[in-house]
Amino acid sequence: MIGIIKYQAGNLASVANALERLNADYFISDNSEELDSADGIIFPGVGHAGAAMDDLRSRDLDVWLKNTQKPVLGICLGMQLLYESSEEGQSDTLGLIPGKLKKFDASKAKVPHMGWNRFEPQIDHPLIKGIDNKQFLYYVHGYYAPANEYTLATCKYIKDFCAVVAKDNFMGVQFHPEKSGTVGSLLLQNFVDIVKNSTKKTA
């Protein structure tokens, strides 16, 4: 069972619809006790980093996320909030992955980065199994995470940035798999499979 975190910045409907297309069981909640019953967590997000963190803190979901051992997939802003901080509002974020989000240089290209782009795999990982540098995914973001040792794949827009990241049980994608057609569905299925395998190991 997948728990989708409900908060002010979550794009819940499109993520829920994508899981329904995969016949994956899910529920939506902003209650940490309910989320404890899930096998894996999807942490969606659109909007402003500072406002999103304020909303998470108001529900104590920031503390819950920092302590969960469940597989977590952050999407777009949800991925960005896994890092230490963001130039957007000079916000302190969850600090689960090292690095600071930076704003794209609008003097060099249109910001936000919006539309279809590819990524370049850097490290093999079950989350990106079956996805290569020929497939297009849908991006919408004005801030980016610099690549580091936890980067699974990079994308190029103005400069190379982190498109997919993983550290311990936390994973994140900068694009929107729920809006990325067949290849996005494959990534979400990969996450569902990771959750299932994790559940078997702890059973």
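- Going by the annotation in an unreviewed UniProt entry, the name recorded for the protein is Imidazole glycerol phosphate synthase subunit HisH, with Rhodohalobacter barkolensis given as the source organism.
- Per UniProt, the protein has the following entry under Subunit (unreviewed entry): "Heterodimer of HisH and HisF."
- Its UniProt record, at the heading Subcellular location (unreviewed entry), says of the protein: "Cytoplasm".

1. Overview of the UniProt feature "active site" (unreviewed entry) in the protein
Logical step 1: Per the UniProt annotation, the sites labelled "active site" (unreviewed entry) are Cys76, His176 and Glu178. The named residues occupy 103 residues along the chain; their greatest pairwise C-alpha distance, 10.8 Å, places them in one compact cluster.
Logical step 2: Here cysteine 76 shows up in the loop between strand 4 (72–75) and helix 5 (77–80).
Logical step 3: By relative accessible area, which is 5% here, cysteine 76 ends up buried.
Logical step 4: If we skip the residues at most four places from it in the chain, cysteine 76 touches Gly45, Val140, Val173, Gln174, Phe175 and His176.
Logical step 5: Secondary-structure assignment places histidine 176 in the loop between strand 14 (170–173) and helix 6 (181–202).
Logical step 6: With near-sequence residues (within four places) excluded, histidine 176 lies in contact with Asn11, Gly45, Val46, Ile75, Cys76, Tyr138 and Val140.

2. Remarks on the pattern of salt bridges
Logical step 1: Tallied over the full model, the rule gives four salt bridges.
Logical step 2: The partner of lysine 167 in a salt bridge is aspartate 168, and the shortest N-O contact between them spans 3.3 Å.
Logical step 3: Connected through salt bridges with shared partners, the residues Asp30, Asp55 and Arg59 form a single ionic network.

3. Observations concerning the sheet that holds strand 3 (residues 40–43)
Logical step 1: Taken together, the eight strands give an open sheet; going across it, the order is 2-1-3-4-14-13-12-9, and neighbouring strands pair in mixed fashion. Lying at the two open borders of the sheet, with one neighbouring strand each, are strand 2 (26–29) and strand 9 (120–121).
Logical step 2: Here strand 12 (residues 151–157) runs beside strand 13 (residues 159–167); their pairing, made up of six bridges, is antiparallel. Note that in strand 13 the partner of cysteine 155 across the bridge is phenylalanine 161.
Logical step 3: Running over the sheet, helix 1 (residues 12–21) touches strand 1 (2–5), strand 2, strand 3 and strand 4 and is turned about 165 degrees from strand 1.

4. Examining the environment of serine 32
Logical step 1: Examined against the element boundaries, serine 32 turns out to sit in helix 2 (residues 32–35).
Logical step 2: Taking the C-alpha atoms as reference points, serine 32 and aspartate 60, 28 residues apart in sequence, are found 8.0 Å from one another.
Logical step 3: Discounting residues that sit within four places of it in the chain, serine 32 has contacts with Leu61 and Trp64.

Quick notes on the rules
Along every chain, residues carry numbers that run from 1 in the direction the sequence is written. Reporting in this predicted model follows two pLDDT cut-offs: at least 70 for local features of residues, and 80 or more for side-chain atom pairs to be given and counted; totals over whole chains, interfaces and linings ignore these cut-offs and use all residues. As a rule here, side-chain values come from all non-hydrogen atoms in the structure, and water together with hydrogens is ignored. UniProt positions are given in the numbering used here, feature names are shortened, and annotations may be inferred rather than shown by experiment. Per the convention used, a helix needs a DSSP run of H or I reaching at least four residues, while a strand needs a run of E reaching at least two, with both numbered from the N terminus. For every residue, the accessible area (1.4 Å probe, protein chains only) is compared with the maximum for its type, and the residue is labelled buried under 20%, exposed over 50%, or partly exposed between those bounds. We call two residues contacting when some pair of their heavy atoms lies within 4.5 Å. Take a side-chain nitrogen of Lys or Arg and a carboxyl oxygen of Asp or Glu: if they are within 4 Å of each other, that pair is a salt bridge. For two strands to be treated as a pair, DSSP must find no fewer than two bridges joining them. Helix axes are fitted to C-alpha atoms over the stretch in contact, other axes to C-alpha atoms as well, and angles between N-to-C directions run from 0 to 180 degrees.

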